[in-house]
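Architecture and fold: a report
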Amino acid sequence: MKHKIIKVVGLAAALAALSAPALAAGDADAGKKVFNKCKACHALDEGKNKVGPSLFGVLGKPAASVKGFKYSKALQESGLTWDDATLAKYLTKPKELVPGTRMAFSGLKKSEDIDNVIAYIKANGG
Ligand code: HEC
């Protein structure tokens, strides 16, 4: 009986290890270049809002939650929480995920760029 449980746990861990890298495979160094496209509007410093809100600590936060930034109604009512998946969708086509968002950015075409820029944001306080 004991053996069986250990086997099942082992299998679950193996499966988790197999499926995890798909999302988390970004290269932060390569993402730095991609972030140049965001820099005009976003800083990663806490509390530093530009045309867009500061991206400090953005991963894991509900959308539209930086104090003092005037968000669109659309983003405020989106009910989104930023994680790898929602961020990847938003950065692909902001206006498709959040119709009415004020982020005037057409989107990143390459999924590789998206993975890398998310890795960069994570590695630099986001
Ligand atoms: C032209 C300016 C501009 C560019 C370029 C831009 N953004 Fe934005 N971004 C905004 C604005 C404005 C908002 C607020 C949108 C709203 O209120 O609907 C926003 C919102 C966001 C949010 C949601 C933040 C929150 O607090 O909920 C994230 C994440 C984000 N942008 C990431 C990026 C990334 C990553 C890039 C580059 C790939 C980028 N943006 C490029 C202007 C920009």
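Residues numbered from 1 in each chain as written. Predicted model: local features only at pLDDT ≥ 70, side-chain atom pairs only at ≥ 80, totals over all residues. Heavy atoms only, no water.

1. Concerning the coordination of the iron atom of the ligand
The protein atoms that coordinate the iron atom of the ligand are His42 (NE2) and Met103 (SD), at distances of 1.9 to 2.1 Å. One can describe the donor arrangement at the iron atom of the ligand as octahedral, given that its six donor atoms subtend angles of 85 to 179° at the metal. Pair noted here: His42 is in the loop between helix 2 (28-39) and helix 3 (73-76) and Met103 is in the loop between helix 5 (94-97) and helix 6 (111-123), with a separation of 61 residues, a long-range link. Met103 shares its class with His42; the two are buried. (Donors = N, O, S within 2.8 Å, 3.2 Å for Na, K, Ca; no water. Tetrahedral: all angles 85-135°; square planar, octahedral: opposite > 155°, others 65-115°. Helix = DSSP H or I, 4+ residues; strand = E, 2+ residues; numbered from the N terminus. Buried < 20%, exposed > 50% of the residue type's maximum accessible area, 1.4 Å probe, protein only.)

2. Re the packing of helix 4 (residues 84-92) against helix 6
Two numbers describe how helix 4 lies on helix 6: the axes approach to 10 Å, and their chain directions differ by 125°. One element, helix 4, and the other, helix 6, form an angle in the oblique class. Judged by the sense of rotation from one axis to the other, the crossing of helix 4 with helix 6 is right-handed. Along its contact with helix 4, which presents Asp84, Leu87, Ala88, Leu91 and Thr92, the element helix 6 presents Ile114, Val117, Ile118 and Lys122. Across the contact of helix 4 with helix 6, the residue classes break down as six nonpolar, one polar and two charged. (Axes fitted to C-alpha atoms, helices over the stretch in contact; angles between N-to-C directions. Parallel < 35°, antiparallel > 145°, perpendicular 65-115°, else oblique. Left-handed = near helix turned anticlockwise from the far one by under 90°. Contact = heavy atoms within 4.5 Å. Nonpolar A, V, L, I, M, F, W, Y, C, P; charged D, E, K, R; others polar.)

3. Some points on the site of the ligand
The environment of the ligand is made up of 25 residues, and the closest members are Cys38, Cys41, His42, Ser72 and Met103. Contact between the ligand and Ala64: an oxygen atom at 2.7 Å from a main-chain N or O atom of the residue. Note that an oxygen atom of the ligand is positioned 2.7 Å from one of the side-chain N or O atoms of Thr101. Per-element accounting of the shell around the ligand gives the leading share, three residues, to helix 4. Here the shell around the ligand is composed, by residue class, of 19 nonpolar, four polar and two charged. (Near = heavy atom within 4 Å. Polar contact = N/O pair within 3.5 Å; in protein donor to acceptor, adjacent residues only side chain to side chain.)

4. Some words on the nonpolar core
Grouped together as the largest cluster of nonpolar side chains are 24 residues, with contacts concentrated most on Phe35, Leu75, Trp82, Tyr90, Leu91 and Val117. When residues no more than four places from it in sequence are discounted, the contact partners of Tyr90 are Leu75, Trp82, Leu97, Val98, Thr101 and Met103. (Core = buried A, V, L, I, M, F, W, Y, C linked by side-chain atoms within 4.5 Å.)

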